[in-house]
Amino acid sequence: MKESEALQRSGSEYNFGSYQRLEAIYNWMDTLVAEHPKLVTKVLIGSSYENRPMYVLKFSTGGTNRPAIWIDTGIHAREWVSPATGIWTANKIAVDYGKDASLTSLLNTMDIYMLLLANPDGYSYTHDNDRMWRKTRSRSPGSNCRGADPNRNWDSGFGGPGTSRNPCSDLYHGPSANSEVEVSNVVNLIKAHGNFKSFISVHAYSQLLMYPHGYSCKDIPDMAELDTVGQAAVKKLASLYGTRYEVGSICKIIYPASGGSIDWAYDTGIKYSFAFELRDTGLSGFLLPANQIIPTASETWLALKHIMEYVRDNPYYTQH
Amino acid sequence: MSPALMRVLRVVVLLSAVRGAPLATVTLPPVILEPVPLEPVAPVPVPSEPVRVDSGADQNISIPINTEQQQQQQQQQQQVSLDVDVMLTGELNPNHYPARRAAQVVLHHLNTRYGSPYWWGALRQVHKATAEALGDSGRKYSLEVTLQDQISGTKETCTAEVVFPGGPAGGPPQVTTSYEGKSEINTQAQEEALYNQYNTSQNLLSGHNLPDSYGHVAPGMEPFWHLGGVASSFVMLKESSENTLYNMAQVVSVTQLATENNQLRFNYDVLLHEMVSQEIIHWKLLASWSPQEGVKASQMELLPKCHHCEPPQEH
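Residues numbered from 1 in each chain as written. Chains lettered and ligands numbered in written order. Predicted model: local features only at pLDDT ≥ 70, side-chain atom pairs only at ≥ 80, totals over all residues. Heavy atoms only, no water.

By the naming in an unreviewed UniProt entry, chain A is Peptidase M14 domain-containing protein, taken from Gadus morhua. Here chain A is described in UniProt, under the heading Cofactor (unreviewed entry), as follows: "Zn(2+)". (UniProt positions renumbered as here; feature names shortened; annotations may be inferred.)

Written out as structure tokens, the structure is:
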């Protein structure tokens, strides 16, 4: 395991097989950009509630506003393996471009946007105060409790089933849709860009690959296609270590959940919208041992790659 | 929730308007056969033990659920369930959440019966599931599941029945299974070695944060992490309903007490993760264990939500 960790350091001294603080992750992002300047740029998309910068890594080989794939990790603060997987994945994309034929062809026609820390305030809070924190750290008027669930704050069935209007709840949806600046920063980017073809949000835990909707259990029009893509993706994931994932809509597989990001993305016309719940299935839960980061990221990469290749090979147009 | 209401209500009215409507035109039919939640507000686990309110000076400690809030929430749940109410009966999709929640209850039950520092069962897969309504508004699930010992990886398949009692009193689910005990793995030698090692009145064991923030458990402490998980199943079993899915998130602390009646005894402080509400729920309990008697949990007490918990430990 140590040997593979050494191989994974790729000259940047960053230990992909460990959980790092926000500052170390931000430093590493700069290193990645410096090492792959023709492929990767760092885009400031806004600030968090507590004024931490929010950076997106944009992987692009040129063009103007190419069709793009969105991946976010770390929206729920305590799900540490999610940003850890994102970091490994960003590095993988940078390193494999020019070597992996499929990835190279993808990046020659599409861009990839990665938001590694979608909830930087929450992530910091889990390092310094409460390892089990989930939400943002915004203040709620009239309450001592802080934070809204950033994955219940999107404008998709806002306030519906699977949310709470109690600010102290871990499912508090916030005072209104997009009230959380961490969410509105992303919404603004996606809307302004206008050419995203896939939206993938990465969470932990439960080992699930899900598609919309969460706010309703009725099948979406593209259910059959998304299910087929998902089933193929988890088969590839399982091929590495045998890790089993279930596939289905959010509402049916895990629970009704309204105001979620992939529901919003799908409803705005981004057809290939998926949510991952990574390892494990409850033994360690949020406290996944660090020695599982690289195995998790490696297997997840096979699923991500499948989805991205499918998106590349199945262009579509959405009428707005 | 009256059984008559549940039987009559097959027509579902969606309460919340669908905002951000999909660009393709979608007509929502009046009847939805998939599971639909009973309440618009996330069900907050209603503790069955009295809640101790900690009126500490820290202003950021949220008010724990008190009886007034409980009553309000129950009223809200009942009000909404008049409008949105379909509980599936018959054959269930084994991969969907209603079957999985019932199956998780089976695992908690099995842990209370067979768990030890060297056997800690988890749900691996649900193969078949059916549900039926019972006369007194209770519901019964019949399941075929594969469970797995999280320590050795040994798998076994069994059938089980879970009855969630209805009515205002509620109460814990009742579980019966075809499982006959750990057939393949013999943990007896390990258990007796551990028992003998810690059957002492000196150098009582204590530990905390199992696992720590980085997922690490010190090698000697693993059996006590497992034991905490098994003992927590007693709490999770009695707290379970069709609206919950419990896992133990962390052992905050474990402190050994003097052996009594040949049982090793440990005070446990644990964090449970309830998936449906996404809450982290803090419980204390007293776990007693011996190879002969297995694990028992007592003095289970719900603690208020903690907003300033211990910072992560360095590993």
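Here the narrative resumes.
Moving on to the overall build of chain A. Looking only at helices and strands, chain A features 10 helices and eight strands. A compact globule built from 320 residues should have a C-alpha radius of gyration of about 20 Å, and chain A, at 18 Å, falls within 12% of that. The C-alpha extent of chain A, read off along each of the three principal axes, is 55 × 45 × 40 Å. In chain A, which comprises 320 residues, the share counted as buried stands at 68%. Restricting the contact set of chain A to residue pairs at least 6 apart, pairs at least 24 apart contribute 74%. Accessible surface, chain A as shown: approximately 10400 Å² in total, 50% of it carbon and sulfur. Separation of charge centres in chain A, based on 30 positive and 32 negative side chains, amounts to 1 Å. (Helix = DSSP H or I, 4+ residues; strand = E, 2+ residues; numbered from the N terminus. Rg over C-alpha atoms; globule rule 2.2 N^0.38 Å. Buried < 20%, exposed > 50% of the residue type's maximum accessible area, 1.4 Å probe, protein only. Contact = heavy atoms within 4.5 Å. Areas by Shrake-Rupley, 256 points an atom, 1.4 Å probe, with all protein chains shown as cover. Lys, Arg positive; Asp, Glu negative; His and termini not counted. Charge placed at Lys NZ, Arg CZ, Asp CG, Glu CD.)

Below, the discussion takes up helix α2 (residues 22-35) of chain A. Residue and element names in this part refer to chain A. Taking 1.5 Å per residue, 14 residues should reach 20 Å; α2 reaches 20 Å between its end C-alpha atoms and fits that length. Looking at α2, one finds that the buried residues are L22, I25, Y26, W28, M29 and L32. On an axial view of α2, the arc spanned by its buried residues comes to 160°, and they lie on one face. The outward face of α2, more than 90 degrees from its buried face, is lined by the exposed residues N27 and A34. On its buried side, α2 packs onto β1 (40-47), β2 (53-59), α3 (81-96) and α5 (120-128). (Expected span 1.5 Å × (residues − 1). Arc of directions from axis to C-beta.)

Now for the UniProt feature "domain: Peptidase M14" (unreviewed entry) in chain A. UniProt's entry tags residues 18-311 of chain A with the feature "domain: Peptidase M14" (unreviewed entry), counted in the numbering of this structure. Taken end to end, residues 18-311 of chain A comprises 37% helix and 17% strand; its first and last C-alpha atoms sit 31 Å apart.

So, on to the packing of aromatic side chains. Evaluated as defined, the whole model comprises 24 aromatic pairs over all chains. With a centroid separation of 6.1 Å and an interplanar angle of 80°, the aromatic rings of W154 of chain A and F199 of chain A are classed as edge-to-face. With W154 of chain A in the loop between α5 and α6 (181-193) and F199 of chain A in strand β5 (residues 196-204), the pair connects residues that are 45 residues apart, well separated along the chain. As far as burial versus exposure is concerned, W154 of chain A and F199 of chain A are alike and both buried. Ring geometry for F224 of chain B against F266 of chain B: centres 5.4 Å apart, planes inclined by 50°, an arrangement best described as tilted. Highlighted residues: F224 of chain B in helix α5 (residues 222-239) and F266 of chain B in strand β8 (residues 263-274), separated in sequence by 42 residues. The buried category is assigned to F224 of chain B, whose relative accessible area is 1%. The class for F266 of chain B is buried, based on a relative accessible area of 0%. Pairwise contacts between aromatic rings join W70, Y113, W154, F196, F199 and W264 of chain A into one cluster. Residue placement shows R131 of chain A over the ring face of W80 of chain A; its charged tip is 3.7 Å from the ring centre. Seen from the ring of W133 of chain A, R137 of chain A lies directly overhead, with NZ or CZ sitting 4.6 Å from the centre. (Phe/Tyr/Trp six-rings, centres within 6.5 Å; stacked < 30°, edge-to-face > 60°. Lys NZ or Arg CZ within 6 Å of the ring centre and 35° of its normal.)

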